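Here is how the chains run, residue by residue.
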Number of protein chains: 2
Amino acid sequence: MSKAKAELYFVTDSTGFTQDDFLEVVQQACDGGVTLVQLREKDKTGLEYFRLAEEVKCITDKYGIPLIIDDRVDIALAVDADGVHVGQSDIPVYVARQLLGESKIIGATAKTVEQAILAESEGADYLGVGAIFPTTTKVVTHITEVSTLNAIVEATSIPAYAIGGLNATNMHVLYESKASGMAVVSAIMKSSDPRATARKLRQLVEANFKVCKS
Amino acid sequence: MSKAKAELYFVTDSTGFTQDDFLEVVQQACDGGVTLVQLREKDKTGLEYFRLAEEVKCITDKYGIPLIIDDRVDIALAVDADGVHVGQSDIPVYVARQLLGESKIIGATAKTVEQAILAESEGADYLGVGAIFPTTTKVVTHITEVSTLNAIVEATSIPAYAIGGLNATNMHVLYESKASGMAVVSAIMKSSDPRATARKLRQLVEANFKVCKS
């Protein structure tokens, strides 16, 4: 396996933001150096989700950063996003793969080794593994230990990104892990300076993660 | 325009049902003679919606009745449904058409002549027009008069199905209208005998609607 740079995966949460303020955070995060963006909307109508995805795609395209859409394969197709992320309560990975074809990225949430192996077998390109820490953006019913994250990486051949309550203060728990990167939501969304936060997190991720899979 | 039989369009609402009880109602409605089924789910996860769509497709296939999926084009594609229905808060008709191609049915909700003309221009195959009466299955913010329904039919060349609080008692308001059929939710979902109700509604629709468009 070749040495690769670790990813800083920015997962959005527009709750409580005006659209302009939300897009400003996305823009700053991209400018600060996130390497992947996932638009994740749970409460928007299909029309709102589609329109917002169009706007976010304009930003990520400007920075050449891949855009992943959470859950809605149709919206990913509609805006020609780079891929889709499916959780355990979304449509199955194999269905997403049938609809998207081989050229798009499909990410899957895995909380256990069994879920990770299944997701890879159904065609997932990467895994989101967590929650490593409790988070305010989702109801967390299951904490995934770093040891489980490492076991998932050992059991699969696709990159795994740690997610769940991660920030500059606690991310050191991943430095000795096998994660290929770190995903953050609140650390950037709730930052008073999203650009600076993204820049700092990117530096920390690249300096400290020992990536063997990408 | 040729004389055609009026449609009885059954739009589902699984709220409050166990899955088995819900599927039993769908089965009885098909057996009773509905001519179209729309699976409409607003609160289910993507996985739940997909799994339920698979189950409903087995029933509608058995009866040779077209299955339309509300809102989620990806789920319509995933289960090879006959089409999708999009409301004013769902992804636009032209986007659904791009994703589904020409062979699938696309229905659109229209409350006004302007919405109807736009939907047809974007590629809709039929219109759901209402709410004709207040309904308990949706928050109704706009009542569409039968005169507006008639104006919509005059202004477009695709069939229009009346929807909203319709049942055997009040459907006579449509007998002199230009609707190509009637859509019902509660009239069947909340019936103590869905098969008999579907049969009766089908008879009333076919006997009394003056369909000139199909």
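Computed from a predicted structure; not experimentally measured.

Novice: Explain the side chain of B:His85 to me, and be specific about the residues and the numbers.
Specialist: Residue and element names in this part refer to chain B. Tracing the backbone through its elements, the reader meets His85 in strand β4 (residues 83-86). Judged by its relative accessible area of 6%, His85 falls in the buried class. Each residue touching His85, except ones within four places of it in the same chain, is listed here: Tyr9, Gln38, Ile68, Ile69, Asp70, Asp71, Asp90, Gly107, Ala108, Thr109, Tyr126 and Gly128.

Novice: Report on the environment of B:Glu102, specifying residues and quantitative values.
Specialist: Secondary-structure assignment places B:Glu102 in the loop between α4 (93-100) and β5 (105-110). In this structure the C-alpha to C-alpha distance between B:Glu102 and B:Lys200, which are 98 residues apart in sequence, comes to 34 Å.

Novice: Any chance you could break down the interface of chain A and chain B for me, citing the residues and the numbers?
Specialist: Between chain A and chain B, the contact holds 20 residues from the first and 21 residues from the second. The contact between chain A and chain B buries some 1,500 Å² in all, and 64% of this surface belongs to carbon and sulfur atoms. A salt bridge links B:Arg72 to A:Asp71, with the shortest nitrogen-to-oxygen separation between them at 3.4 Å. In this structure, the connection of chain A to chain B is made through 11 residue pairs in polar contact (both at pLDDT 80 or more).

Novice: Quick one: what's the story with the pairing of strand β6 (residues 126-129) of chain B, residue by residue and with numbers?
Specialist: Residue and element names in this part refer to chain B. Of the two faces of β6, the one holding Tyr126 and Gly128 and the one holding Leu127 and Val129 are both buried throughout. Where β5 lies against β6, four bridges are found, and the strand directions are parallel. Residue Ala110 lies in a different strand from β6, and its bridge partner there is Val129. In this fold, β5 hands off to helix α5 (residues 113-121), which returns the chain to β6; that crossover is right-handed. Taken together, the three bridges between β6 and strand β7 (residues 160-162) define a ladder with parallel strand orientation. Looking at the pairing, Gly128 lines up with Tyr161 of β7.

Novice: Help me get a handle on the sheet that holds β5(B), residues and values and all.
Specialist: All names here are of chain B. The eight strands lie next to each other as β1-β2-β3-β4-β5-β6-β7-β8, forming a closed barrel whose pairing is parallel. Across the sheet, the mean angle from the axis of one strand to that of its neighbour is 25°, orientation sign disregarded. One ladder, built from three bridges, connects strand β3 (residues 67-70) with β4; its direction is parallel. Residue pairing for β4: Asp70 is matched across the bridge by His85. Against the sheet, helix α2 (residues 46-63) contacts β2 (36-39) and β3, and its axis sits at roughly 160° relative to β3.

Novice: Lay out the nonpolar core with the relevant residues and their values.
Specialist: The biggest cluster of nonpolar side chains holds 147 residues, and the ones touching the most others in it are A:Leu127, A:Met182, A:Phe209, B:Leu127, B:Met182 and B:Phe209. Ignoring anything within four residues of it in the chain, the contact list for B:Met182 reads B:Glu7, B:Leu8, B:Tyr9, B:Ala162, B:Leu166, B:Met171, B:Leu174, B:Leu201, B:Val205 and B:Phe209.

Novice: So what's going on with the packing of helix α1 (residues 19-32) of chain A against helix α2 (residues 46-63) of chain A? Which residues, and what values?
Specialist: All names here are of chain A. At a minimum axis separation of 10 Å, α1 and α2 run at an interaxial angle of 25°. In this view, α1 runs roughly parallel relative to α2, as classed from their interaxial angle. Once α1 is placed against α2, the crossing between them reads as right-handed. Along its contact with α1, which presents Gln19, Phe22, Leu23, Val26, Gln27, Cys30 and Asp31, the element α2 presents Leu52, Glu55, Val56, Ile59, Thr60, Lys62 and Tyr63. Here the residues of the contact of α1 with α2 sort into eight nonpolar, three polar and three charged.

Novice: So what's going on with the relation of the copies chain A and chain B? Which residues, and what values?
Specialist: Between the two copies of the chain lies a relationship made up of a rotation around an axis and a movement along it. With an RMSD of 0.0 Å, the operation that places chain A on chain B is a rotation of 180° combined with a shift of 0.0 Å along the axis. In the structure described here, the two chain copies are related by an operation that fits a two-fold rotation axis. Considering only C-alpha atoms, the residue of chain A closest to the rotation axis is A:Asp74, which sits at 2.4 Å. Both copies share a contact surface, since 100% of the interface residues of chain A are interface residues in chain B too.

Novice: How would you summarise the pattern of salt bridges if you had to cite specific residues and measurements?
Specialist: This model, assessed by the stated rule, comprises 26 salt bridges over all chains. The salt bridge involving B:Asp74 is made with B:Arg72; its shortest N-O contact spans 2.9 Å. The pair formed by B:Asp74 and B:Arg72 is uniform in burial state, with each residue classed as buried. Among the charged side chains, a salt-bridge network with shared partners connects A:Lys42, A:Asp70 and A:Asp90.

Parameters at a glance
Residues numbered from 1 in each chain as written. Chains lettered and ligands numbered in written order. Predicted model: local features only at pLDDT ≥ 70, side-chain atom pairs only at ≥ 80, totals over all residues. Heavy atoms only, no water. Helix = DSSP H or I, 4+ residues; strand = E, 2+ residues; numbered from the N terminus. Buried < 20%, exposed > 50% of the residue type's maximum accessible area, 1.4 Å probe, protein only. Contact = heavy atoms within 4.5 Å. Buried area = accessible area lost by both parts, 1.4 Å probe. Salt bridge = Lys/Arg side-chain N within 4 Å of Asp/Glu carboxyl O. Polar contact = N/O pair within 3.5 Å; in protein donor to acceptor, adjacent residues only side chain to side chain. Pairing = 2+ DSSP bridges. Right-handed = clockwise from strand over helix to strand, strands pointing away. Axes fitted to C-alpha atoms, helices over the stretch in contact; angles between N-to-C directions. Core = buried A, V, L, I, M, F, W, Y, C linked by side-chain atoms within 4.5 Å. Parallel < 35°, antiparallel > 145°, perpendicular 65-115°, else oblique. Left-handed = near helix turned anticlockwise from the far one by under 90°. Nonpolar A, V, L, I, M, F, W, Y, C, P; charged D, E, K, R; others polar. Least-squares fit on C-alpha atoms with pLDDT ≥ 70 in both.

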